[in-house]
Amino acid sequence: MSSVAGRTLVVGVCGGIAAYKVAGIVSTLVQRGADVHVVMTEAAQRFVAPLTFHALSANRVHTSLWEIRDREDHVLHVTLAHRAAALLIAPATADAIAKLVHGYAEDLLGAVALAARCPMILAPAMNSSMWEHPATRANVAALRARGWQIVGPESGFLAERERGVGRLAAEERIIAALEDAVARTHELEGQHVLVTAGATREAIDPVRFISNASTGAMGIEIAREATLRGAQVDLVLGPTHLDPPHGARAHRVESAREMHERVMALREGVHVIVAAAAVADWRPAVIFVQKVKKEDVDPMLRLERNPDILAQLGAAKGAAFLVGFAAETEHVEEHAREKLARKRLDLICVNDVSQPGIGFASAENEMLLLWEHGREPLERASKREIAARIWDRIATLRGAERAHEGEA
Ligand code: CTP
């Protein structure tokens, strides 16, 4: 059975010549059991009549923010967005893409896209020179970094009677992307996930501390992706200016000892633990109650070890799938493999922090995933995309583990 059966999908149609092809997509989705709601922009209605989509979807087609026909319509953009298991925009024109990047909500589709928290798929179609323009390239990259999945465009014969990249992706590809995206929203249903993220702060006195450059961004994206895949998520988060993701339960902590205590209190019955936090290995042996005066202090700071949270989780290894992080500057794979074994992890995500623009306080990341019998390099991408790839790998490894247990 298709993953879209019984699910509500919102399909946004924009004003491009490929709009007629979306009729076929809506028809196939309906045949696979989806409840499809079509939103058309003003320009889309110049290419295809709303009646076509009405007849195919057996639902009223939405064309305006201002049409209020019943009580639900009052906040139509929000109700549609929240009911959707996925949002598809096809054909996505250069103009529609630019508006999505900036969050314009002057029409219904823009407002729905802003309110949506579901997987979002964009199938662009336009002339190849518009597709290749740096403005469009930058806009598409911005949406991808925010978690939009971009399908196509493909190369072939264009409306301008020339060949080039710009054709709407084939219907099967778009449908497959939608089905996969909806299937992923169930992947972690009924699963409890615990994530640590951010730096810790080790107090010296009431105003001074030892810490590091971690912002928690990578761990926050890991937690966000787990909630999008249906998990119940507890996020133990060190001090950061970033907000925890919608849907996760956030536990704010300061020091490594607080993080340790909270993780130990939460770990019971957890299915997957991802330790993305950059925990300080050391803390000052003495914490001054009053602000230290420079004349009064001994310039030597005596340190003592913090508990290694991940190592303890590994040592008491229960059924939870354990994922650790490592930041290395040399002999990257060798050091990380040693850590994988020593901390008894199922997977380790390694950053080569000797490279510029990688890891700490950077919007992008590039990682190497290592597990007992394998490795997967992840190309440079936004932290959100990297988080999705990490969960894909966790799903594959856990699937293999379960199959193995089933055989045993
Ligand atoms: N970690 C932890 N508690 C600590 C230190 C680290 O849970 N006190 C976790 C981090 O969240 C991360 C991994 O362990 O998942 C990183 O380990 P790292 O600090 O690199 O490992 P160490 O064993 O301390 O290695 P090194 O010898 O390189 O310092």
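Data block above holds the structure.
A. Representation of the packing of aromatic side chains. Summed over the entire model, instances satisfying the criterion amount to zero aromatic pairs. Positioned above the aromatic ring of Trp-282 is the side chain of Arg-305, whose terminal nitrogen or guanidinium carbon lies 5.2 Å from the ring centre.

B. Region of interest: the nonpolar core. With 35 residues, the main nonpolar core has Val-11, Val-13, Leu-29, Val-38, Phe-53 and Leu-88 as its most contacted residues. For this core, the secondary structure elements donating two or more residues are strand E1 (8–13), helix H1 (19–31), strand E2 (35–40), strand E3 (86–92), strand E4 (120–124) and helix H9 (171–184). Every residue in contact with Leu-29, bar those within four places of it in the chain, is listed here: Val-4, Leu-9, Val-11, Ala-34, Val-36, Ile-175 and Leu-178. Of all hydrophobic cores here, the second largest spans 33 residues; its members include Leu-188, Ile-220, Ala-223 and Met-367.

C. Local environment of the sheet that holds strand E18 (residues 364–371). Within the open sheet, the eight strands sit side by side as E12-E11-E8-E13-E16-E17-E18-E19. Their pairing is mixed. Lying at the two open borders of the sheet, with one neighbouring strand each, are strand E12 (249–252) and strand E19 (374–382). Each neighbouring strand pair of the sheet contributes to a mean axis angle of 15 degrees, computed without reference to strand direction. Looking at chain direction, strand E11 (residues 232–237) and E12 are connected through four bridges and run parallel. If you follow Leu-237 over to E12, its bridge partner there is Arg-252. Against the sheet, helix H11 (residues 256–266) makes contact with strand E8 (192–197), E11 and E12, and its axis sits at roughly 175 degrees relative to E8, the strand it touches most.

D. Structural context of H11. Among the residues of H11, Ala-256, Met-259, His-260, Val-263 and Leu-266 are the ones counted as buried. Projection of H11 onto a plane perpendicular to its axis shows the buried side chains occupying an angular sector of 140 degrees, all on one side. Away from the buried face of H11 by more than 90 degrees, exposed residues Glu-261 and Ala-265 are located. Here the buried face of H11 lies against E8, strand E9 (202–203), E11, E12 and helix H12 (309–315).

E. How the structure looks around the site of the ligand. Every one of the 13 residues lining the ligand counts as a neighbour, but Ala-275, Ala-277, Pro-307, Phe-325 and Lys-339 are closest to it. Contacts to the ligand include Phe-325, whose backbone N or O atom sits 2.8 Å from an oxygen atom. Lys-343 has a polar side-chain atom sitting 3.0 Å from an oxygen atom of the ligand. In isolation the ligand exposes 580 Å². Once the protein is present, 77% of that is buried. For the shell around the ligand, the elements supplying multiple residues, two or more each, are H12, strand E16 (321–328) and helix H13 (332–342). Of the residues contributing to the shell around the ligand, the split by class is seven nonpolar, one polar and five charged.

F. Fine view of the packing of H1 against H9. Direction vectors running N to C along H1 and H9 enclose 45 degrees, while the axes themselves pass 10 Å from each other. When the axis of H1 is compared with that of H9, the two are oblique. For the pair H1 and H9, the crossing hand works out as right-handed. Taking contact as the criterion, the partners of Gly-24, Ile-25, Thr-28 and Leu-29 in H1 are, on H9, Glu-171, Ile-174, Ile-175 and Leu-178. Looking at the contact of H1 with H9 residue by residue, the classes come out as five nonpolar, two polar and one charged.

G. A look at the packing of helix H4 (residues 76–83) against helix H6 (residues 108–115). Between H4 and H6, the least distance of the axes is 8 Å, while the angle of their chain directions is 50 degrees. Between H4 and H6, the crossing angle belongs to the class labelled oblique. Relative to H6, H4 is oriented so that their crossing is right-handed. In this structure, H4 contributes Leu-76, His-77, Val-78, Leu-80, Ala-81 and His-82 to the contact, and H6 contributes Leu-108, Ala-111, Val-112 and Ala-115. Split into classes, the residues belonging to the contact of H4 with H6 amount to eight nonpolar, two polar and no charged.

H. A look at helix H10 (residues 217–228). Given a rise of 1.5 Å per residue, twelve residues ought to cover 16 Å, and the 16 Å separating the end C-alpha atoms of H10 matches this to within 8%. Within H10, ten of the twelve residues are buried, leaving the element largely enclosed by the surrounding structure. Burial in H10 covers these residues: Ala-217, Met-218, Gly-219, Ile-220, Glu-221, Ile-222, Ala-223, Glu-225, Ala-226 and Thr-227. Phi turns positive one or two residues past the end of H10, at Gly-230, with a value near 95 degrees.

I. Spatial organisation of unusual backbone geometry. The omega torsion across Ala-90 and Pro-91 is -15 degrees, close enough to zero to call that bond cis. Mapped onto the elements of the fold, Pro-91 is located in strand E3. Following Gly-152, the chain continues to Pro-153 via a peptide bond in cis, the omega torsion being 0 degrees. Mapped onto the fold, Pro-153 is located in the loop between strand E5 (149–150) and strand E6 (154–157).

About the cut-offs
- Residues numbered from 1 in each chain as written.
- Predicted model: local features only at pLDDT ≥ 70, side-chain atom pairs only at ≥ 80, totals over all residues.
- Heavy atoms only, no water.
- Phe/Tyr/Trp six-rings, centres within 6.5 Å; stacked < 30°, edge-to-face > 60°.
- Lys NZ or Arg CZ within 6 Å of the ring centre and 35° of its normal.
- Core = buried A, V, L, I, M, F, W, Y, C linked by side-chain atoms within 4.5 Å.
- Buried < 20%, exposed > 50% of the residue type's maximum accessible area, 1.4 Å probe, protein only.
- Helix = DSSP H or I, 4+ residues; strand = E, 2+ residues; numbered from the N terminus.
- Contact = heavy atoms within 4.5 Å.
- Pairing = 2+ DSSP bridges.
- Axes fitted to C-alpha atoms, helices over the stretch in contact; angles between N-to-C directions.
- Arc of directions from axis to C-beta.
- Near = heavy atom within 4 Å.
- Polar contact = N/O pair within 3.5 Å; in protein donor to acceptor, adjacent residues only side chain to side chain.
- Areas by Shrake-Rupley, 256 points an atom, 1.4 Å probe, with all protein chains shown as cover.
- Nonpolar A, V, L, I, M, F, W, Y, C, P; charged D, E, K, R; others polar.
- Parallel < 35°, antiparallel > 145°, perpendicular 65-115°, else oblique.
- Left-handed = near helix turned anticlockwise from the far one by under 90°.
- Expected span 1.5 Å × (residues − 1).

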